[in-house]
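# Overview (structure and organization)
Residue strings, one per chain:
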Amino acid sequence: RPADTEDLDVPHNVPFVALGTALLWFGWFGFNGGSALATGGVAVAAAVNSEIAGSVALFLWLLIDWLRNGRPGLVGLCVGAIAGLATITPAAGFVQPWAAFLIGILASISCYACCELRKKLGFDDALDVWGVHGMGGFIGSVLLGALADPEECGIPAIASKSCVNPGTVTRSGEQFAKQ
């Protein structure tokens, strides 16, 4: 049994954490962009939104770590990136880039809070799967109903060219409640 003073949240190999994050991020473009099952506007929007949300969450997580711990950390940077990517995934092909930016902000704040809650409660979650993937995915799913394209994008025949994915999900109170 490890000593009570040992911090179990510190990884034993930080360069491998960075390498794993880079590989995940690269793969996430194929995952989110490839979910469109075709090349085109929806795939590009999903890839762009993934980059925006991941980058914004990475940066904000880094700032939160810096403010709370007095210095930025590479591990926090990596966890923040994954939080942004996990949170944008349900909405990547259905929201505008401004919404991906907002989702990145909300991802870092909410996932950081969930990770801290997990530590405070003493739960065993070595990779912050619940706080980052679980709660991030939940938040992204709920925000899809609030941040998807407007109602005029629901009918492909009259949808403007600015619609990300015409004829699919549109934002509304009803959609938000369904999510």
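Our subject is the structure listed above.
Calculation criteria
Residues numbered from 1 in each chain as written. Predicted model: local features only at pLDDT ≥ 70, side-chain atom pairs only at ≥ 80, totals over all residues. Heavy atoms only, no water. Axes fitted to C-alpha atoms, helices over the stretch in contact; angles between N-to-C directions. Helix = DSSP H or I, 4+ residues; strand = E, 2+ residues; numbered from the N terminus. Parallel < 35°, antiparallel > 145°, perpendicular 65-115°, else oblique. Left-handed = near helix turned anticlockwise from the far one by under 90°. Contact = heavy atoms within 4.5 Å. Nonpolar A, V, L, I, M, F, W, Y, C, P; charged D, E, K, R; others polar. Patch = residues over 30% accessible without salt bridge, like charges linked within 9 Å, V, L, I, M, F, W, Y side chains within 5 Å. Areas by Shrake-Rupley, 256 points an atom, 1.4 Å probe, with all protein chains shown as cover. Salt bridge = Lys/Arg side-chain N within 4 Å of Asp/Glu carboxyl O. Buried < 20%, exposed > 50% of the residue type's maximum accessible area, 1.4 Å probe, protein only. Disulfide = S-S within 2.5 Å.

In the contact formed by helix α1 (residues 14–34) and helix α2 (residues 41–69), the axes pass within 8 Å of each other and the chain directions differ by 140 degrees. On the basis of their axis angle, the class for α1 and α2 is oblique. Pair α1 / α2 crosses with right-handed handedness. Contact with α1, carried on its side by Trp-25, Phe-29, Asn-32 and Gly-33, involves Ala-43, Ala-46, Ala-47, Ser-50, Glu-51, Gly-54, Ser-55 and Leu-58 of α2 and no other residues of that element. Classifying every residue of the contact of α1 with α2 gives six nonpolar, five polar and one charged.

Taken together, the side chains of Leu-117, Leu-121, Phe-123 and Trp-130 make up a nonpolar region of the molecular surface, amounting to roughly 410 Å² of accessible area. Its relative accessible area of 39% is what places Leu-117 among the partly exposed residues.

Any two packed helices are characterised by the angle at which their axes cross and by the distance between the axes. Direction vectors running N to C along α2 and helix α4 (residues 97–121) enclose 40 degrees, while the axes themselves pass 7 Å from each other. Classified by the angle their axes make, α2 and α4 are oblique. The two elements α2 and α4 meet at a crossing, and its hand is right-handed. Contacts between α2 and α4 involve Asn-49, Ile-52, Ala-53, Val-56, Ala-57, Leu-60, Trp-61, Ile-64, Asp-65 and Arg-68 on the former and, on the latter, Pro-97, Ala-100, Phe-101, Gly-104, Ile-105, Ser-108, Ile-109, Cys-111, Tyr-112, Cys-115 and Glu-116. Tallied by class, the residues present in the contact of α2 with α4 amount to 15 nonpolar, three polar and three charged.

This part is about unusual backbone geometry. In the Ramachandran plot, Asp-128 falls in the positive-phi region, its phi being about 55 degrees despite a non-glycine side chain. On the basis of relative accessible area, Asp-128 is assigned to the buried category, the value being 13%.

Moving on: the state of the cysteines. The final tally for this structure, using the stated rule, is one disulfide. For the unlinked cysteine Cys-78, the closest cysteine sulfur is that of Cys-115, found at 13 Å. Cys-115 carries a free sulfur, and the closest cysteine sulfur to it, the one in Cys-111, is 6.6 Å from it.

Coordinates in, geometry out; function isn't part of it.
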